[in-house]
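Each chain is listed here by its residues.
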Amino acid sequence: MSLWKKLLWFAVSALGVVAIAILALSRGEQISALWIIVAGLCALSISYRFYSKWLATKVLMLNDGRTTPAVLQNDGKDFVPTNRWMVFGHHFAAIAGPGPLVGPVLAAQFGFLPGTLWILIGATLGGAVHDMIMLFASIRRGGKTLGQMVKEEIGRGVGALALISVLAIMIILLAVLGLVVVQALAESPWGVFTIATTIPVALIMGIGLRTGKVNVLAVTIFGLLGLGFGVWGGQFLADFPAIEAWFRYDQKWLAWAIMIYGLAASILPVWMLLTPRDYLSTFLKLGTVIMLAAAVVLINPTLQMPAITKFIDGSGLVFAGPVFPFVCITIACGAVSGFHSLIASGTTPKMVRRESRIRNIGYGAMVTEMMVALTAMIAACVLQPGEYFAINTKGAPAEVVAKVSAAGFPVTETEMHKLATSLGESTMFNRAGGAPTFAVGMAHMFARVSASPTALGLWYHFAIMFEALFILTTIDAGTRVGRFLLQDFLGNLWRPLGNTRSWSANVFSSVLLVAAWGWFLYMGVIDPLGGINSLWPLFGLANQLLSVVALCLATTILIKMHKAKYLFVTVLPLAFMCVVTFSAGYLKVFSSDPRLGFLSGARALLREAAGIADPTKAANLVRQAGVWRFDAFVAIFFLALVLLIVIGSAKQWWQLLRGTKRVVLHESEFVPISAAQLAEF
């Protein structure tokens, strides 16, 4: 490296340190949101340039001379060699679900500092490493799933536990994602129109590329024009009521539509719908995030939320729980996400043409998602804190205003009514969940660039549509990955069901999986206490438990590769995530605070029900108590399964490092890539 390059990287490092120091040490004075963007860009640049390159060359030793499973097993359905940018687009769209948008928004109740630090550190040293090694491991093993690899590398018993836990967690995750999309798109013609437009556009893109007569550039231009029409044209539906009625649907209809879409994405060849649609969605996702970052630069907004709030002790208005471990659990995909391991060992490894692409797809997509999470944190923290807490606190308007103001963040009903009117909404009370808050913050920044009086409402509804599209692309890839996992499990019962080349086995497994998560979704739509609503509090915990399983596997693989001197790469994130998940799980089940602990919450509801004369209200409280107890049982079940996996993995590590167990690395046989293939790719 030349002297000028060294000086450049030293300057980038120094700028990043200064940005973090300003964010961390400033107290009481106004801080520009631009410092969060600067810190993120510096962390992204340095970690990708140096850490990911070191991982690729020294730890994993990526080799373009090896034929990848996409090339070796090319079947035109699941294994399809795909253009590097389309693979990146698919992978980023699949992993970037609700976590990086709503997680940081909810975590903003602790202040902007805890969440920002966790996103920067967790993504670069944990999440990106987790994703990159999982993608590498799957490619080296012929595109095998997380469950298959755990069974082969750690042991059959541990593998069986992993398959059961991963499948159960996957069903919960997909149902939660589906419910978020349904709630965002219900009675939203603009959002439904945009998403409906992307499906035929994606099909045309996929078929055009498959013919070989159209190149990626031409397909991309066509796709962008179609996407632009879908995003821009949706706002004019209100001028044509007859057409608008075609795209206005309730939650039940949308739940069925999402199930049908997930089924199609799982069954159809990956090149036909899944890859082009995810690639197309990435342009909107990254384009909007880049626009948001540009808006921060142009308007230089001030962070209104304090660096640290009084709610770090667990008394939060948005959700209960202390800053540690719940800042990590809440942010989820913005820093470390177990769901990513399923994509990295599911659809993506079956499309990568060369091993060197593992670095920019596995590591690069995660640090890109880190920037999404940081912009979401900014969107929440540039709002007035009183408005932020009023939007996310449940209760009657007068009660919410009194509670938020008493906590030290003054707000009035008049201010909230004015906000709702400017957004084109009837009210902004009881809009908890993070998504509406992100949309408000995003709309505020975009509207400040425009002088139009209707800009705020326009951008707010654009943001809601954007969030739904952002999340939907995780459902299609997740359903296909879930089908792979289910076939792994069913193949142990009857071998033909595990054959991913069989159309009948694929269709049967896809229908079974969609029926599983679709049932929870539909019950959640028709019953406020049923279906996925009852399991919603477990979403973050279940997701992070998956990362523990994946990091156990990654550690085992490094030991078997004789890379024990590099074990800190996976052991440190693994140890931290174990502390996070098991401490959070313990608190969620056994905390004496009824707002936090499932069991204490159930007891409080039963006591309240005993003192109510109205039998209907009492019955509802008793039923809610039953839901909390069920959540406690499911949480204990997941924690026990993952604890057994960790113990089984640690036992094998000890045996391997002591040399008392023979090292068997289940990598696919080395097949050199031909000169013709290398030239093509």
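Fair warning: this is a prediction, and the values are worked out from it, not measured in the lab. (Residues numbered from 1 in each chain as written. Predicted model: local features only at pLDDT ≥ 70, side-chain atom pairs only at ≥ 80, totals over all residues. Heavy atoms only, no water.)

J.: Just to check I follow, could you spell out the overall build of the protein for this structure?
T.: Helix and strand counts for the protein stand at 28 helices and zero strands. For the protein, the C-alpha radius of gyration of 24 Å lies close to 26 Å, the compact-globule estimate for 681 residues. Judged by the C-alpha coordinates and their principal axes, the protein covers about 70 × 60 × 55 Å. A total of 681 residues make up the protein; the buried ones form 59% of that total. Excluding contacts between residues fewer than 6 apart, the proportion of contacts in the protein whose partners are at least 24 apart in sequence is 83%. Looking at the protein as shown, the accessible area adds up to about 25900 Å², and 68% of this sits on carbon and sulfur atoms. (Helix = DSSP H or I, 4+ residues; strand = E, 2+ residues; numbered from the N terminus. Rg over C-alpha atoms; globule rule 2.2 N^0.38 Å. Buried < 20%, exposed > 50% of the residue type's maximum accessible area, 1.4 Å probe, protein only. Contact = heavy atoms within 4.5 Å. Areas by Shrake-Rupley, 256 points an atom, 1.4 Å probe, with all protein chains shown as cover.)

J.: Any chance you could explain unusual backbone geometry here in plain terms?
T.: Phe324 connects to Pro325 through a cis peptide bond whose omega is 15°. Note on placement: Pro325 falls in helix H14 (residues 323-331). Unusually for a residue other than glycine, Met61 sits at a positive phi of about 50°. Along the chain, Met61 falls in the loop between helix H2 (34-59) and helix H3 (69-72). Here Asn300, not a glycine, exhibits a phi torsion of approximately 50°, which is positive. You can see Asn300 is positioned in the loop between helix H13 (274-299) and H14. Owing to a relative accessible area of 39%, Asn300 belongs among the partly exposed residues under this scheme.

J.: Looking at this model, I keep getting lost on the state of the cysteines. Mind explaining?
T.: Joining two cysteines, a disulfide is a covalent bond between their sulfur atoms. Counted according to the given criterion, the structure contains zero disulfides. With no disulfide of its own, Cys328 has Cys578 as its nearest cysteine by sulfur position, at a separation of 13 Å. No disulfide involves Cys578; its sulfur sits 5.9 Å from the nearest other cysteine sulfur, which is in Cys552. Accessibility expressed as a relative area gives 16% for Cys578, which makes it buried. (Disulfide = S-S within 2.5 Å.)

J.: What's the story with the packing of aromatic side chains in this structure? I'm lost.
T.: How two aromatic rings sit relative to each other is set out by the distance from centre to centre and by the angle between their planes. A full pass over the atoms with the stated rule returns 25 aromatic pairs. With a centroid separation of 5.2 Å and an interplanar angle of 80°, the aromatic rings of Trp9 and Phe50 are classed as edge-to-face. With Trp9 in helix H1 (residues 3-25) and Phe50 in helix H2, this pair connects stretches of sequence that are 41 residues apart. Site record: aromatic cluster; members linked through ring pairs are Tyr48, Tyr51, Trp54, Tyr363, Tyr566 and Phe568. (Phe/Tyr/Trp six-rings, centres within 6.5 Å; stacked < 30°, edge-to-face > 60°.)

J.: For this particular structure, what's the right way to read the environment of Trp536?
T.: Position of Trp536 relative to the elements: it lies in the loop between helix H23 (532-535) and helix H24 (539-560). Residues Trp536 and Asp631, spaced 95 residues apart in sequence, show a C-alpha to C-alpha distance of 9.0 Å. Setting aside residues no more than four positions away along its own chain, Trp536 makes contact with Val176, Leu179 and Val180.

J.: What am I meant to see in the side chain of Arg483 here?
T.: Take Arg483: it is sitting in helix H21 (residues 455-493). Of note is the side chain of Arg483, whose polar atom sits 2.8 Å from the backbone oxygen of Ser266. Aside from chain neighbours lying at most four places away, what touches Arg483 is Asp78, Ser266, Thr500, Asn506, Ser509, Ser510 and Leu513. (Polar contact = N/O pair within 3.5 Å; in protein donor to acceptor, adjacent residues only side chain to side chain.)

J.: When you look at the pattern of salt bridges in this model, what are you seeing that I'm missing?
T.: When charged atoms on two side chains of opposite charge get close, those side chains can pair. Scanning the model with the defined rule gives 12 salt bridges in all. Among the ionic pairs, Lys144 bridges to Glu152, the shortest N-O distance being 2.6 Å. Here the salt bridges do not stand alone but share partners, grouping Arg66, Arg140, Glu355 and Glu667 into one network. (Salt bridge = Lys/Arg side-chain N within 4 Å of Asp/Glu carboxyl O.)

J.: Would you mind showing me how to read helix H10 (residues 216-233) here?
T.: Every α-helical turn comprises 3.6 residues, leaving residues that sit three or four positions apart pointing alike. With 18 residues, H10 extends 25 Å between its outermost C-alpha atoms, agreeing within 8% with the 26 Å of an ideal straight helix rising 1.5 Å per residue. Three or more residues of H10 are buried, namely Val219, Thr220, Gly223, Gly226, Leu227, Gly230, Val231 and Gly233. The N-cap residue of H10 is Asn215: its side-chain oxygen and the backbone nitrogen of Leu217 are 3.3 Å apart. (Expected span 1.5 Å × (residues − 1).)

J.: When you look at the packing of H24 against helix H25 (residues 568-590) in this model, what are you seeing that I'm missing?
T.: Angle between the axes and distance between the axes are the two parameters that describe a pair of packed helices. Where H24 meets H25, the axes come as close as 9 Å, and the angle between the chain directions of the two elements is 150°. Viewed along their axes, H24 and H25 adopt a mutual orientation that is roughly antiparallel. Here H24 runs over H25; the crossing is left-handed. Residue-level contacts link Leu541, Gln544, Leu545, Ser547, Val548, Leu551, Cys552, Ala554, Thr555 and Leu558 of H24 to Thr570, Val571, Pro573, Leu574, Met577, Cys578, Thr581, Ala584 and Gly585 of H25. A per-class count over the contact of H24 with H25 returns 13 nonpolar, six polar and no charged. (Axes fitted to C-alpha atoms, helices over the stretch in contact; angles between N-to-C directions. Parallel < 35°, antiparallel > 145°, perpendicular 65-115°, else oblique. Left-handed = near helix turned anticlockwise from the far one by under 90°. Nonpolar A, V, L, I, M, F, W, Y, C, P; charged D, E, K, R; others polar.)

J.: Looking at this structure, I do not really get H24. What am I missing?
T.: Between its first and last C-alpha, H24 extends 33 Å over 22 residues, near the 32 Å set by a 1.5 Å rise per residue. Counting buried residues along H24, 22 of its 22 residues qualify, which places the element largely inside the surrounding structure. One or two positions beyond H24, positive phi appears at His562, with a value near 65°.

J.: Just to check I follow, could you spell out a nonpolar patch on the surface for this structure?
T.: Taken together, the side chains of Ile164, Phe489, Leu493, Trp494, Phe630, Phe633 and Phe637 present a nonpolar region at the surface, about 740 Å² in accessible area. Among the elements of the structure, H21 and helix H27 (615-658) are those that each provide at least two residues to the nonpolar patch. For the nonpolar patch, the leading source of residues is H27, giving three residues. Relative to the helices and strands, Phe633 resides in helix H27. Look at Phe633 and you get exposed, because its relative accessible area is 55%. (Patch = residues over 30% accessible without salt bridge, like charges linked within 9 Å, V, L, I, M, F, W, Y side chains within 5 Å.)

J.: Even after reading the chapter, I still don't get the environment of Leu203, so can you show me in this structure?
T.: Here Leu203 shows up in helix H9 (residues 189-211). With 213 residues separating them along the chain, Leu203 and Met416 place their C-alpha atoms 43 Å apart. Apart from residues lying up to four places away in sequence, Leu203 is in contact with Met272 and Leu273.

J.: It is not clear to me how the packing of helix H6 (residues 112-140) against H14 should be interpreted in this structure. Could you clarify?
T.: The geometry of H6 relative to H14 is characterised by a closest axis approach of 10 Å and an angle of 60° between their N-to-C directions. Judged by the inter-axis angle, H6 sits oblique to H14. Seen along the crossing, H6 lies across H14 with a hand that is right-handed. On H14, the residues touching Pro114, Gly115, Trp118 and Ile119 of H6 are Val323, Val327, Cys328 and Ile331. Class assignment of the residues belonging to the contact of H6 with H14 gives a composition of seven nonpolar, one polar and no charged.

J.: Looking at this structure, how should I read the environment of Phe222?
T.: Looking at the secondary structure, you find Phe222 in helix H10. Overall, Phe222 belongs to the partly exposed group, its relative accessible area being 35%. Sequence separation between Phe222 and Ile204 is 18 residues; the distance between their C-alpha atoms is 9.2 Å. Non-local contacts of Phe222, meaning those with residues more than four positions away in its chain, are made with Val201, Ile204 and Met205.

J.: Which parts of the structure should I look at to understand the side chain of Ser337?
T.: The residue Ser337 is located in the loop between H14 and helix H15 (339-344) in this model. Ser337 has contacts with His130, Asp131, Ala332, Asn543, Gln544 and Ser547, leaving out every residue within four places of it along the chain.

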